[in-house]
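So you can see what is in the structure, the chains are spelled out below.
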Amino acid sequence: MSYDYLFKYIIIGDTGVGKSCLLLQFTDKRFQPVHDLTIGVEFGARMVSIDGRPIKLQIWDTAGQESFRSITRSYYRGAAGALLVYDITRRETFNHLMSWLEDARQHGNPDMAVMVIGNKCDLSHRRAVNKEEGEQFAKENGLLFLETSARTSQNAEEAFIMTAAKILQNINEGIFNVSDESSGIKIGYGRGQGITGAKDGNLGQKGGLSPAKNRNGVREVNGRQAR
Ligand SMILES: Nc1nc2c(ncn2[C@@H]2O[C@H](COP(=O)(O)OP(=O)(O)O)[C@@H](O)[C@H]2O)c(=O)[nH]1
Ligand SMILES: [Mg+2]
């Protein structure tokens, strides 16, 4: 299926916070209570529609264990978005957010859109981190925030989609250089033409690019010649 853009994401956070379950909920709309421990890196993909534009999300799910952290680091570079996940029932997973964020900032694209996710919000009776604390952490660091449940699917889809909307906004504002592959963004077929002919580099605007002059110096609008 064709898309306007492909965005690459990475999911990071401590082991057991629900990264693989969130990905499965997003790609397959199901919850699998017993999930094999992620070894190294796995990935999933799904199409979404943002502002009526087809966008493919390619999501790299990483292993949270310290022994895999050096592998994980090599995946930051090509990511346009990061989902930074903690478990609301385990405070230490929240306490580790800063070290994950530092990794992402150090090894990733500085303009990467980062969404902080407090997962397992279905277990509110065992809550160890207040929602306000999660919100505060996100605010202080200029990140997006949501509480989710991979089990009930609450906000799971929204987390992926809101991150994509942020990336699209960054493209529209010219923050992302989409021609650089390491930005984690790929332009889909069908959008590629025209863009190479763009002079102002204003790639994201709706309605496309201003008509370029043809070889005779005449602008063409929908095949008609304009003044
Ligand atoms: N109650 C509840 N359990 C969850 C949720 N997400 C994941 N889990 C459970 O938490 C454990 C770890 O999940 P997993 O996705 O493998 O974590 P990962 O190591 O971060 O990939 C599994 O036993 C899941 O069933 C959730 O939203 N709610
Ligand atoms: Mg996993």
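Residues numbered from 1 in each chain as written. Chains lettered and ligands numbered in written order. Predicted model: local features only at pLDDT ≥ 70, side-chain atom pairs only at ≥ 80, totals over all residues. Heavy atoms only, no water.

Details of the packing of aromatic side chains
What the rule picks out here adds up to 7 aromatic pairs. Ring centres of Trp60 and Tyr75 lie 5.3 Å apart, and the angle between their planes is 35°; this geometry places the pair in the tilted category. Of this pair, Trp60 sits in strand S3 (residues 53–62) while Tyr75 sits in helix H2 (residues 69–76); the two residues are 15 residues apart in sequence, bridging distant segments of the chain. By relative accessible area, which is 18% here, Trp60 ends up buried. Seen in terms of ring centroids, Phe94 and Phe137 are 6.2 Å apart; in terms of plane orientation they differ by 65°. Their pairing is edge-to-face. Separated by 43 residues along the polypeptide, Phe94 in helix H3 (residues 91–95) and Phe137 in helix H5 (residues 131–140) bring together distant segments of the chain. (Phe/Tyr/Trp six-rings, centres within 6.5 Å; stacked < 30°, edge-to-face > 60°. Helix = DSSP H or I, 4+ residues; strand = E, 2+ residues; numbered from the N terminus. Buried < 20%, exposed > 50% of the residue type's maximum accessible area, 1.4 Å probe, protein only.)

Structural notes on the pattern of salt bridges
This structure, assessed with the given rule, holds 9 salt bridges. The partner of Arg30 in a salt bridge is Asp28, and the shortest N-O contact between them spans 3.4 Å. According to the relative accessible area criterion, Asp28 is partly exposed, its value standing at 40%. Here the salt bridges share partners, and the residues they tie into one network are Asp87, Arg90, Glu92 and Lys120. (Salt bridge = Lys/Arg side-chain N within 4 Å of Asp/Glu carboxyl O.)

A short note on the pairing of S3
Buried residues dominate S3, accounting for 8 of its 10 residues. In terms of strand pairing, strand S1 (residues 5–12) meets S3 through 7 bridges, oriented parallel. Bridging from a neighbouring strand, Ile11 pairs with Asp61 of S3. Where strand S2 (residues 41–50) lies against S3, 10 bridges are found, and the strand directions are antiparallel. Looking at S3, one finds that Phe43 is bridged to Trp60. Hairpin connection, S2 to S3: the antiparallel pair is bridged by 2 residues, and Asp51 has positive phi, about 50°. (Pairing = 2+ DSSP bridges.)

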